Amino acid sequence: SSSSGDEALRDKRARILSRGLPKQKPIEGVKQVVVVASGKGGVGKSTTADVLTITCFILKQTKEVGLLDADIYGPSIPKMMNLKGNPELTPKNLMRPLKNYGIACMSMGFLIEETAPVVWRGLMVMSAVEKLLRQVDWGQLDYLVIDMPPGTGDVQLSVSQNIPIAGAVIVSTPQDVALLDARKGAEMFRKVHVPVLGLVQNMSVFQCPKCKHETHIFGADGVRDLAKTLGLDILGDVPLHVNIRETCDSGQPVVISQPQSVA
């Protein structure tokens, strides 16, 4: 019959597609992986990943937490975590993460000069991502937070398809241009069956330090509106504050250096 023929064709397509996808394999020693992503660059994704990881460690002192910088072209975690140097190798030829504030960190920034550009084609980038995922001795981690590069390209798909991911956090400013890309990022994770845990609205409001007047430089509540549209939660609303920028630039994130501050 026509219906049975259609069903057989769908089954055949499913078998062909399943052969083309890599089998997901957990990262040795890592219990849960959370990715922090954004469709657009410059929205504070790395800052969010940085602060999220440290906060997770502070709130759960009994937990071991790691941070992986998967942004090959623009690694920023070494500066934000105040880390320099090359990883040591274990007897099994695995890289040992560098550590600060109790967080185990790995980044392409540890393997190249700070000012050296990464001028690589896609295959080389994918090879580097594979090494960062599989050739690092993480020890035993309860949580590994992965700071993803902006966009919805090869790196995002490779990470999503190669390792089991507990969930994704999408970061965006309230600006319409950023929201368009944030929505694409959320939809991409849904397509590859990664749960989207929620959205973070960053740089939501600026308060003048002198007169205390508040200005919504990038618009007001755009991410909240997007979350409602997508049926997702708002996980945080972060203001545009000079202390957040200064502390990250100095390698002393605000949750460590100024834990009692409003920021």
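The structure reproduced in this document is the subject of the present report. Because the structure is predicted, anything quoted here is derived from the model rather than measured. (Residues numbered from 1 in each chain as written. Predicted model: local features only at pLDDT ≥ 70, side-chain atom pairs only at ≥ 80, totals over all residues. Heavy atoms only, no water.)

1. As for the packing of helix 6 (residues 176-191) against helix 7 (residues 222-230)
Selection rule: Between N-to-C directions, angles cover 0 to 180 degrees, with each direction set by a line fitted to C-alpha atoms, over the stretch in contact for helices. A run of H or I in DSSP becomes a helix once it reaches four residues, and a run of E becomes a strand once it reaches two; helices and strands are each numbered from the N terminus. In a left-handed crossing the near helix is turned counterclockwise from the far helix by less than a right angle, and in a right-handed crossing that turn is clockwise. Note on definitions: a residue-residue contact is assigned when non-hydrogen atoms from the two residues lie within 4.5 Å. Asp, Glu, Lys and Arg are counted as charged, while Ala, Val, Leu, Ile, Met, Phe, Trp, Tyr, Cys and Pro are counted as nonpolar; the rest, among them Gly, fall into the polar class.
Two numbers describe how helix 6 lies on helix 7: the axes approach to 11 Å, and their chain directions differ by 30°. In this structure, the crossing between helix 6 and helix 7 has a hand that is right-handed. Side by side, helix 6 and helix 7 meet where Leu179, Ala182, Arg183, Ala186, Glu187 and Arg190 of the first sit next to Gly222, Val223, Leu226, Thr229 and Leu230 of the second. Residues belonging to the contact of helix 6 with helix 7 are distributed by class as follows: six nonpolar, two polar and three charged.

2. A word on the pattern of salt bridges
Our working rule: The term salt bridge refers to a pairing of a side-chain nitrogen on Lys or Arg with a carboxyl oxygen on Asp or Glu at a separation within 4 Å.
Evaluation of the coordinates by the stated rule reveals eight salt bridges. Close ionic contact of Lys184 with Asp181 constitutes a salt bridge, the shortest N to O distance being 3.9 Å. Within this pair, Lys184 and its partner Asp181 are both found in helix 6, separated by three residues, close to a single helical turn. Between Arg224 and Asp221 there is a salt bridge whose closest N-O contact spans 3.7 Å. Three or more residues joined by partner-sharing salt bridges are found here, namely Asp221, Arg224 and Asp237.

3. Here's the deal with the side chain of Ser38
Let me state the cut-off plainly: Summary of the burial criterion: residues with accessible area below 20% of their type's maximum are buried, those above 50% are exposed, and those between are partly exposed, where the area comes from a 1.4 Å probe applied to protein chains only. Distance and chemistry together define a polar contact, namely a pair of N or O atoms within 3.5 Å, with one atom able to donate a hydrogen and the other to accept it when in protein, and with adjacent residues in sequence counting only for side-chain atoms on both sides.
As for its position among the elements, Ser38 is in the loop between strand 1 (30-37) and helix 2 (45-59). Under the relative-accessibility criterion, Ser38 is labelled buried at 3%. A polar atom in the side chain of Ser38 sits 2.8 Å from the backbone oxygen of Lys40. Once residues lying within four places of it in the same chain are set aside, the contact partners of Ser38 are Val43, Lys45, Pro149, Pro150, Gly151 and Val171.

4. A closer look at helix 4 (residues 122-134)
Our working rule: Here a helix's expected span is defined as the number of its residues, less one, multiplied by 1.5 Å. Comment: arc refers to directions from the helix axis out to C-beta atoms.
Compared with an ideal rise of 1.5 Å per residue, which puts 13 residues at 18 Å, helix 4 spans 18 Å between its outermost C-alpha atoms and is within 8% of the ideal. Within the sequence span of helix 4, burial applies to Val125, Met126, Ala128, Val129, Leu132 and Leu133. Projected onto a plane normal to the axis of helix 4, the buried residues spread over an arc of 160° and lie on a single side. In this structure, the buried residues of helix 4 make contact with strand 2 (65-69), strand 4 (103-107), strand 5 (141-147) and helix 5 (154-162).

5. Some points on the state of the cysteines
Using the following cut-off: The rule for a disulfide is simple: a pair of cysteine sulfur atoms within 2.5 Å.
Counted under the stated rule, the structure contains zero disulfides. With no disulfide partner, Cys208 has as its closest neighbouring cysteine sulfur the one in Cys211, 3.6 Å distant. With a relative accessible area of 21%, Cys208 lands in the partly exposed category.

6. Focus: the sheet that holds strand 1
Inclusion rule: Any two strands are treated as partners once DSSP identifies two or more bridges connecting them.
As summarised here, the arrangement of the eight strands in space is 3-4-2-5-1-6-7-10, forming an open sheet in which the pairing is mixed. For this open sheet the edge positions go to strand 3 (98-100) and strand 10 (234-238), each flanked by a neighbour on one side alone. Pairwise comparison of adjacent strand axes, ignoring direction, gives a mean angle of 25° for this sheet. Contacts from helix 6 reach strand 1, strand 6 (167-172) and strand 7 (196-202) within the one sheet, and its direction differs from that of strand 6 by about 175°.

7. Here's the deal with the nonpolar core
In summary, soluble globular proteins display a tendency toward joint burial of nonpolar side chains. Counted only if it meets this: In this text, buried Ala, Val, Leu, Ile, Met, Phe, Trp, Tyr and Cys residues form a nonpolar core when linked through side-chain atoms within 4.5 Å.
Of all hydrophobic cores here, the largest spans 66 residues; its most connected members are Val33, Trp138, Leu144, Ile146, Val159 and Phe189. For Trp138, the contacting residues outside a window of four places in its chain are Ile27, Val30, Gly66, Leu67, Leu68, Pro97, Ala104, Cys105, Met106, Leu132 and Leu144.

8. Describing the packing of helix 4 against helix 5
Contact geometry of helix 4 with helix 5 gives a least axis separation of 10 Å together with a crossing angle of 35°. The two elements helix 4 and helix 5 cross, and the hand of that crossing is right-handed. Touching Val125, Met126, Val129, Glu130, Leu133 and Arg134 of helix 4 are Asp154, Val155, Ser158, Val159 and Asn162, all from helix 5. For the contact of helix 4 with helix 5, a count of residues per class yields six nonpolar, two polar and three charged.

9. Examining the pairing of strand 6
Most of strand 6 sits inside the fold, with six of its six residues counted as buried. A two-sided burial pattern is seen for strand 6, the buried positions comprising Gly167, Val169 and Val171 on one face and Ala168, Ile170 and Ser172 on the other. Summarising the sheet, strand 1 and strand 6 pair through four bridges and their orientation is parallel. The partner of Val34 across the bridge, within strand 6, is Gly167. Pairing analysis gives five bridges linking strand 6 to strand 7, with the strands arranged parallel.

10. A short note on unusual backbone geometry
The phi dihedral of Asn93 is positive, around 65°, even though this residue is not glycine. Within the secondary structure, Asn93 sits in the loop between helix 3 (77-80) and strand 3. Phi angles above zero are rare outside glycine, and Met203 is one such case at about 55°. Of note, Met203 is situated in the loop between strand 7 and strand 8 (206-207). Note on Met203: relative accessible area 18%, which makes it buried.

Interpretation in functional terms is not warranted from these geometric data alone.
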